[in-house]
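Spelled out from the first residue to the last, the chains are:
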Amino acid sequence: MKVGVLGSGAVGKVLADGFLKHGHDVMRGSRDPGKLADWKAGAGAKARTGSMAEAARFGDVVVLAVKGTAAVETVAGVGPAVDGKVVIDATNPIADAPPTNGVVRFFTGPNESLLEALQLRAPKARLVKAFSCVGNTLMVNPRLAGGKPTMFICGADADAKRQVTGILDQFGWDAEDCGGAEAARAIEPLCILWCIPGFLKNDWTHAFKLLRP
Ligand SMILES: NC(=O)c1ccc[n+]([C@@H]2O[C@H](COP(=O)([O-])OP(=O)(O)OC[C@H]3O[C@@H](n4cnc5c(N)ncnc54)[C@H](OP(=O)(O)O)[C@@H]3O)[C@@H](O)[C@H]2O)c1
(Lines give C-alpha, C1' and ligand atoms only; values in the text may rest on other atoms or scores of the structure.)
Protein backbone atom coordinates (compact mmCIF):
# COMPACT_ATOMS: atom_id res chain seq x y z
CA MET A 1 0.00 0.00 0.00
CA LYS A 2 1.12 3.59 -0.61
CA VAL A 3 0.58 5.79 2.42
CA GLY A 4 0.78 9.57 2.54
CA VAL A 5 1.45 10.87 6.03
CA LEU A 6 0.68 14.56 6.52
CA GLY A 7 2.70 15.61 9.51
CA SER A 8 6.29 16.33 10.50
CA GLY A 9 5.63 15.86 14.23
CA ALA A 10 5.95 12.87 16.54
CA VAL A 11 2.73 11.22 15.35
CA GLY A 12 3.67 11.57 11.71
CA LYS A 13 7.04 9.98 12.41
CA VAL A 14 5.77 7.08 14.49
CA LEU A 15 2.97 6.19 12.07
CA ALA A 16 5.21 6.61 9.01
CA ASP A 17 7.79 4.31 10.64
CA GLY A 18 4.98 1.88 11.52
CA PHE A 19 3.76 1.69 7.93
CA LEU A 20 7.35 1.22 6.70
CA LYS A 21 7.92 -1.53 9.28
CA HIS A 22 4.86 -3.33 7.95
CA GLY A 23 6.12 -3.15 4.36
CA HIS A 24 4.22 -0.19 2.97
CA ASP A 25 5.57 2.71 0.88
CA VAL A 26 5.38 6.05 2.69
CA MET A 27 5.60 9.71 1.74
CA ARG A 28 5.64 12.18 4.62
CA GLY A 29 4.34 15.65 3.94
CA SER A 30 5.20 19.02 5.46
CA ARG A 31 4.93 22.67 4.49
CA ASP A 32 8.73 22.49 4.65
CA PRO A 33 9.76 19.01 3.42
CA GLY A 34 13.42 19.90 3.98
CA LYS A 35 12.98 19.42 7.71
CA LEU A 36 12.20 15.75 7.05
CA ALA A 37 15.54 15.13 5.29
CA ASP A 38 17.14 13.41 8.29
CA TRP A 39 14.13 11.13 8.69
CA LYS A 40 14.19 10.23 4.98
CA ALA A 41 17.92 9.54 5.08
CA GLY A 42 17.45 7.01 7.87
CA ALA A 43 14.13 5.49 6.86
CA GLY A 44 15.12 3.38 3.85
CA ALA A 45 14.20 3.05 0.18
CA LYS A 46 10.45 3.00 0.70
CA ALA A 47 10.44 6.39 2.42
CA ARG A 48 9.85 9.66 0.58
CA THR A 49 9.11 13.25 1.54
CA GLY A 50 7.16 16.01 -0.15
CA SER A 51 4.73 18.83 0.33
CA MET A 52 1.44 18.16 2.09
CA ALA A 53 -0.31 17.98 -1.30
CA GLU A 54 2.34 15.68 -2.79
CA ALA A 55 2.03 13.31 0.17
CA ALA A 56 -1.76 13.36 -0.10
CA ARG A 57 -1.58 12.59 -3.83
CA PHE A 58 0.95 9.80 -3.23
CA GLY A 59 -1.15 7.88 -0.73
CA ASP A 60 -3.82 5.30 -1.48
CA VAL A 61 -4.39 5.86 2.21
CA VAL A 62 -3.64 9.24 3.81
CA VAL A 63 -2.86 9.89 7.47
CA LEU A 64 -3.68 13.31 8.89
CA ALA A 65 -1.27 14.03 11.74
CA VAL A 66 -1.09 17.81 11.99
CA LYS A 67 -1.75 20.22 14.84
CA GLY A 68 -5.48 20.29 15.54
CA THR A 69 -5.76 24.03 14.96
CA ALA A 70 -4.23 23.54 11.47
CA ALA A 71 -6.16 20.40 10.46
CA VAL A 72 -9.05 21.96 8.52
CA GLU A 73 -6.65 24.34 6.75
CA THR A 74 -4.37 21.42 5.82
CA VAL A 75 -7.22 19.35 4.39
CA ALA A 76 -8.48 22.38 2.48
CA GLY A 77 -4.96 22.94 1.15
CA VAL A 78 -4.58 19.45 -0.33
CA GLY A 79 -7.97 19.79 -2.02
CA PRO A 80 -9.05 16.94 -4.32
CA ALA A 81 -5.90 14.91 -3.53
CA VAL A 82 -7.84 13.14 -0.78
CA ASP A 83 -11.07 12.63 -2.73
CA GLY A 84 -12.23 9.01 -2.57
CA LYS A 85 -9.35 8.04 -0.28
CA VAL A 86 -9.33 6.59 3.20
CA VAL A 87 -8.03 9.36 5.46
CA ILE A 88 -6.95 8.26 8.92
CA ASP A 89 -7.54 11.24 11.18
CA ALA A 90 -5.27 11.11 14.22
CA THR A 91 -5.80 14.76 15.17
CA ASN A 92 -7.29 16.21 18.31
CA PRO A 93 -8.89 19.66 18.67
CA ILE A 94 -6.47 20.86 21.33
CA ALA A 95 -6.66 24.62 21.85
CA ASP A 96 -3.64 26.91 22.12
CA ALA A 97 -4.04 27.14 25.90
CA PRO A 98 -2.34 25.31 28.78
CA PRO A 99 -4.07 22.44 30.62
CA THR A 100 -5.94 23.18 33.86
CA ASN A 101 -4.95 20.70 36.59
CA GLY A 102 -3.88 18.33 33.82
CA VAL A 103 -7.10 18.77 31.83
CA VAL A 104 -6.37 19.73 28.23
CA ARG A 105 -8.54 22.44 26.68
CA PHE A 106 -10.39 21.78 23.38
CA PHE A 107 -11.52 24.38 20.83
CA THR A 108 -14.60 22.26 19.99
CA GLY A 109 -17.78 22.04 22.05
CA PRO A 110 -19.48 18.83 23.27
CA ASN A 111 -21.79 18.51 20.25
CA GLU A 112 -19.01 19.08 17.72
CA SER A 113 -15.86 17.32 16.63
CA LEU A 114 -12.82 18.02 14.52
CA LEU A 115 -13.53 14.94 12.41
CA GLU A 116 -16.93 16.33 11.44
CA ALA A 117 -15.39 19.70 10.56
CA LEU A 118 -12.82 17.92 8.39
CA GLN A 119 -15.48 15.80 6.69
CA LEU A 120 -17.45 18.95 5.88
CA ARG A 121 -14.36 20.53 4.31
CA ALA A 122 -13.50 17.37 2.36
CA PRO A 123 -16.85 15.69 1.67
CA LYS A 124 -15.39 13.14 -0.78
CA ALA A 125 -12.65 11.96 1.58
CA ARG A 126 -13.43 8.79 3.53
CA LEU A 127 -12.37 9.96 6.98
CA VAL A 128 -11.85 7.56 9.86
CA LYS A 129 -10.90 8.73 13.33
CA ALA A 130 -8.12 6.52 14.70
CA PHE A 131 -4.96 6.72 16.83
CA SER A 132 -6.28 9.87 18.53
CA CYS A 133 -6.74 8.42 22.03
CA VAL A 134 -3.20 7.21 22.75
CA GLY A 135 0.25 8.75 22.94
CA ASN A 136 2.52 8.40 19.93
CA THR A 137 4.99 6.06 21.67
CA LEU A 138 2.27 3.41 21.94
CA MET A 139 0.69 3.75 18.49
CA VAL A 140 2.57 0.94 16.77
CA ASN A 141 2.52 -2.56 18.26
CA PRO A 142 2.40 -1.47 21.91
CA ARG A 143 3.53 -3.91 24.57
CA LEU A 144 1.14 -3.59 27.49
CA ALA A 145 -0.08 -5.90 30.24
CA GLY A 146 -3.61 -7.21 29.61
CA GLY A 147 -3.36 -7.94 25.90
CA LYS A 148 -4.30 -5.81 22.95
CA PRO A 149 -5.59 -2.34 23.78
CA THR A 150 -8.69 -0.90 22.12
CA MET A 151 -8.60 1.81 19.46
CA PHE A 152 -11.91 3.61 19.16
CA ILE A 153 -12.69 4.50 15.57
CA CYS A 154 -15.58 6.13 13.72
CA GLY A 155 -16.50 7.53 10.36
CA ALA A 156 -19.24 7.61 7.76
CA ASP A 157 -17.77 5.04 5.36
CA ALA A 158 -18.05 1.37 6.40
CA ASP A 159 -15.48 0.10 3.89
CA ALA A 160 -12.97 2.74 5.01
CA LYS A 161 -13.43 1.61 8.61
CA ARG A 162 -12.86 -2.02 7.54
CA GLN A 163 -9.57 -0.99 5.93
CA VAL A 164 -8.50 0.95 9.01
CA THR A 165 -9.49 -2.00 11.21
CA GLY A 166 -7.07 -4.12 9.15
CA ILE A 167 -4.29 -1.56 9.64
CA LEU A 168 -5.00 -1.39 13.38
CA ASP A 169 -4.84 -5.18 13.58
CA GLN A 170 -1.41 -5.05 11.92
CA PHE A 171 -0.38 -2.31 14.39
CA GLY A 172 -1.45 -4.43 17.40
CA TRP A 173 -4.83 -2.90 18.23
CA ASP A 174 -8.42 -4.12 18.59
CA ALA A 175 -10.57 -1.63 16.70
CA GLU A 176 -13.89 -0.68 18.24
CA ASP A 177 -16.18 0.81 15.61
CA CYS A 178 -18.25 3.47 17.35
CA GLY A 179 -20.34 4.34 14.30
CA GLY A 180 -20.66 7.49 12.22
CA ALA A 181 -18.68 10.72 12.22
CA GLU A 182 -20.66 12.10 15.18
CA ALA A 183 -19.03 9.50 17.44
CA ALA A 184 -15.86 11.57 17.21
CA ARG A 185 -17.57 13.88 19.71
CA ALA A 186 -16.98 11.06 22.23
CA ILE A 187 -13.70 9.67 20.88
CA GLU A 188 -11.75 12.92 20.63
CA PRO A 189 -12.23 13.81 24.33
CA LEU A 190 -10.64 10.48 25.28
CA CYS A 191 -7.44 12.38 24.54
CA ILE A 192 -8.22 14.68 27.46
CA LEU A 193 -8.68 11.67 29.75
CA TRP A 194 -5.60 9.93 28.37
CA CYS A 195 -3.41 12.98 29.09
CA ILE A 196 -4.48 13.46 32.74
CA PRO A 197 -2.15 10.85 34.30
CA GLY A 198 0.60 12.28 32.13
CA PHE A 199 0.26 15.85 33.28
CA LEU A 200 -0.49 14.95 36.92
CA LYS A 201 1.93 12.03 37.48
CA ASN A 202 4.20 12.01 34.42
CA ASP A 203 2.59 8.65 33.52
CA TRP A 204 2.27 8.42 29.74
CA THR A 205 2.38 4.66 29.22
CA HIS A 206 -1.21 3.52 29.23
CA ALA A 207 -3.94 2.77 26.71
CA PHE A 208 -7.68 2.17 26.87
CA LYS A 209 -9.21 -1.30 26.72
CA LEU A 210 -12.89 -2.14 26.41
CA LEU A 211 -13.70 -5.20 28.53
CA ARG A 212 -16.54 -7.65 27.81
CA PRO A 213 -17.72 -10.80 29.54
N1 LIG B 1 1.67 13.72 20.22
C2 LIG B 1 0.92 12.66 20.49
O3 LIG B 1 1.34 11.73 21.18
C4 LIG B 1 -0.49 12.59 19.94
C5 LIG B 1 -1.29 11.48 20.23
C6 LIG B 1 -2.55 11.38 19.65
C7 LIG B 1 -2.99 12.37 18.78
N8 LIG B 1 -2.21 13.45 18.55
C9 LIG B 1 -2.67 14.47 17.60
O10 LIG B 1 -1.95 14.27 16.40
C11 LIG B 1 -1.69 15.51 15.75
C12 LIG B 1 -0.18 15.65 15.50
O13 LIG B 1 0.47 15.75 16.73
P14 LIG B 1 2.07 15.84 16.83
O15 LIG B 1 2.37 15.84 18.29
O16 LIG B 1 2.71 14.83 15.96
O17 LIG B 1 2.47 17.21 16.17
P18 LIG B 1 1.94 18.70 16.24
O19 LIG B 1 3.05 19.55 16.74
O20 LIG B 1 0.61 18.78 16.92
O21 LIG B 1 1.73 18.99 14.68
C22 LIG B 1 2.80 19.08 13.83
C23 LIG B 1 2.29 19.20 12.43
O24 LIG B 1 1.29 20.23 12.35
C25 LIG B 1 1.57 21.06 11.26
N26 LIG B 1 1.23 22.46 11.56
C27 LIG B 1 1.46 23.12 12.71
N28 LIG B 1 1.01 24.40 12.60
C29 LIG B 1 0.50 24.52 11.36
C30 LIG B 1 -0.11 25.58 10.65
N31 LIG B 1 -0.31 26.78 11.21
N32 LIG B 1 -0.54 25.35 9.39
C33 LIG B 1 -0.35 24.15 8.82
N34 LIG B 1 0.22 23.08 9.45
C35 LIG B 1 0.65 23.28 10.70
C36 LIG B 1 3.05 20.97 11.05
O37 LIG B 1 3.28 21.23 9.69
P38 LIG B 1 4.73 21.49 9.10
O39 LIG B 1 5.33 20.14 8.94
O40 LIG B 1 4.45 22.13 7.82
O41 LIG B 1 5.46 22.34 10.11
C42 LIG B 1 3.36 19.54 11.43
O43 LIG B 1 3.27 18.70 10.32
C44 LIG B 1 -2.29 16.59 16.65
O45 LIG B 1 -3.56 16.92 16.17
C46 LIG B 1 -2.37 15.91 18.01
O47 LIG B 1 -3.41 16.43 18.81
C48 LIG B 1 -0.97 13.59 19.10
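Structural data are supplied above this passage.
Residues numbered from 1 in each chain as written. Predicted model: local features only at pLDDT ≥ 70, side-chain atom pairs only at ≥ 80, totals over all residues. Heavy atoms only, no water.

Asker: Please give an account of the site of the ligand that cites residues and values.
Answerer: Looking at the ligand, there are 26 residues lining it, with Ser-8, Ser-30, Arg-31, Lys-35 and Val-66 nearest. Here Ala-90 contributes a backbone N or O atom positioned 3.4 Å from an oxygen atom of the ligand. The contact in question runs from an oxygen atom of the ligand to an N or O atom on the side chain of Asn-136, over 2.9 Å. Here the ligand loses 77% of its free accessible area of 880 Å² to cover by the protein chains. Contributions of two or more residues to the shell around the ligand are made by α1 (10-21) and α4 (71-78). Class assignment of the residues belonging to the shell around the ligand gives a composition of 11 nonpolar, 11 polar and 4 charged. (Near = heavy atom within 4 Å. Polar contact = N/O pair within 3.5 Å; in protein donor to acceptor, adjacent residues only side chain to side chain. Areas by Shrake-Rupley, 256 points an atom, 1.4 Å probe, with all protein chains shown as cover. Helix = DSSP H or I, 4+ residues; strand = E, 2+ residues; numbered from the N terminus. Nonpolar A, V, L, I, M, F, W, Y, C, P; charged D, E, K, R; others polar.)

Asker: Got a sec to walk through the packing of aromatic side chains? Specific residues and values, please.
Answerer: Applying the stated criterion across every chain, the model contains 4 aromatic pairs. Judged by centre distance (4.9 Å) and plane angle (55°), the ring pair of Phe-19 and Phe-171 falls under tilted. With Phe-19 in helix α1 and Phe-171 in the loop between α6 (158-170) and β8 (174-177), this pair connects stretches of sequence that are 152 residues apart. Residue Phe-19 shares its accessibility class with Phe-171, and that shared class is buried. Note on Phe-131 and Phe-171: the rings are 5.9 Å apart at their centroids and 55° apart in plane angle, and the pair reads as tilted. Of the two residues, Phe-131 is situated in the loop between β6 (126-129) and β7 (150-153) and Phe-171 in the loop between α6 and β8; the sequence distance between them amounts to 40 residues. The exposure class of Phe-131 is buried, given its relative accessible area of 0%. Members of the aromatic cluster, joined through ring pairs, are Phe-19, Phe-131 and Phe-171. (Phe/Tyr/Trp six-rings, centres within 6.5 Å; stacked < 30°, edge-to-face > 60°. Buried < 20%, exposed > 50% of the residue type's maximum accessible area, 1.4 Å probe, protein only.)

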